[in-house]
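Coordinates in review
What follows is each chain in one-letter form.
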Amino acid sequence: VLAGLWILDAVLETRVFGSRTVYYALGLLFVMTIAFDQVVIASGLVVYDDAFNSGIRLAYMPVEDLAFGANLYLATMMSWRFFGRSKGVANEAK
């Protein structure tokens with residue numbers, strides 16, 4: 001999926017993967033996802049069945065949670081930049 005987003009970024013010319021700000025926000029997203037998932041899973045609010053994921057975990061959290069969050073964030077940023085540009089909104093993040 002990440003490779004597909006990278007190709008889409010190049011085709012749409014949104015330059016998300018070339019933005020330092022996007023990487024800072026992605027790092028913050030990872031930290032927040034890891035912290036939040038540990039609390040939610042450890043408390044029993046969410047239960048993951050290893051039959052439906054890779055079985056690789058960061059403490060309690062399946063690593064797929066990071067991939068899902070990252071891909072969702074990157075796709076959202078590409079959409080924001082692409083549709084904002086079509087309406088004349090400048091890409092402020094460099």
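Counting restarts for each chain: residues are numbered from 1 in the order of the written sequence. In view of the model being predicted, local features appear only for residues whose pLDDT reaches at least 70, and side-chain atom pairs are presented and counted only at 80 or more, with totals across whole chains, interfaces and linings using the full set of residues. In computing side-chain properties, one takes all heavy atoms of the structure into account and sets aside hydrogens as well as water.

**A closer look at the overall build of the protein chain**
- Helix numbering and strand numbering both begin at the N terminus, where a helix is a DSSP run of H or I of at least 4 residues and a strand a DSSP run of E of at least 2. Each helix and strand counted, the protein chain has three helices and two strands in total.
- Each helix and strand of the protein chain, ordered N terminal to C terminal, gives the series α-α-β-β-α.
- Here's how the labels work: a residue is buried when its accessible area is under 20% of the maximum for its type, exposed when over 50%, partly exposed in between, all with a 1.4 Å probe on protein chains only. Going through the 94 residues of the protein chain one by one, you find that 29% of them count as buried.
- Here a residue-residue contact requires only that any non-hydrogen atoms of the pair lie within 4.5 Å. Pairs at least 24 residues apart make up 61% of the contacts formed inside the protein chain by residues separated by at least 6 positions.
- Approximately 6600 Å² of the protein chain is accessible, and the part contributed by carbon and sulfur atoms is 71%. Every accessible area reported is derived by Shrake-Rupley at a probe size of 1.4 Å, with residue values counting cover from the shown protein chains alone.

**Things to note about the nonpolar core**
- Within the largest apolar cluster, 10 residues are counted, these being Leu-5, Val-16, Phe-17, Val-22, Leu-26, Ala-70, Tyr-73, Leu-74, Met-77 and Met-78.
- Among the secondary structure elements, those contributing two or more residues to this core are helix H2 (20–42) and helix H3 (64–86). Put simply, buried Ala, Val, Leu, Ile, Met, Phe, Trp, Tyr and Cys residues joined by side-chain atoms within 4.5 Å make one nonpolar core.

**Quick notes on the packing of aromatic side chains**
- Side-chain rings of Phe, Tyr and Trp, where Trp is taken by its six-membered ring, are said to pair if the distance between their centres is within 6.5 Å; with planes under 30 degrees apart they count as stacked, over 60 as edge-to-face, and otherwise as tilted. According to the stated counting rule, one finds one aromatic pair in the structure shown.
- Judged by centre distance (5.1 Å) and plane angle (80°), the rings of Phe-82 and Phe-83 are edge-to-face.
- Classification of Phe-83 by relative accessible area gives exposed; the value is 52%.

**Let's talk about unusual backbone geometry**
- Its identity as a non-glycine residue notwithstanding, Glu-13 has a phi of 55°, on the positive side.
- Mapped onto the elements of the fold, Glu-13 is located in the loop between helix H1 (2–12) and H2.

**Some remarks on the side chain of Asp-9**
- With respect to the helices and strands, the residue Asp-9 is situated in helix H1.
- The side chain of Asp-9 is buried and forms no salt bridge, while Arg-81, the nearest opposite charge, is found at 6.3 Å.
- What Asp-9 contacts, discounting residues up to four positions off in sequence, is Thr-14, Arg-15, Val-16, Phe-17 and Met-78. Charge convention: Lys and Arg are scored as positive, Asp and Glu as negative, and His as well as the terminal groups of each chain are ignored. The term salt bridge refers to a pairing of a side-chain nitrogen on Lys or Arg with a carboxyl oxygen on Asp or Glu at a separation within 4 Å.

**Brief notes about the pattern of salt bridges**
- Applying the stated criterion across every chain, the model contains one salt bridge.
- Between Arg-57 and Asp-50 there is a salt bridge whose closest N-O contact spans 2.9 Å.
- Here Asp-50 falls in the partly exposed class, since its relative accessible area comes to 40%.

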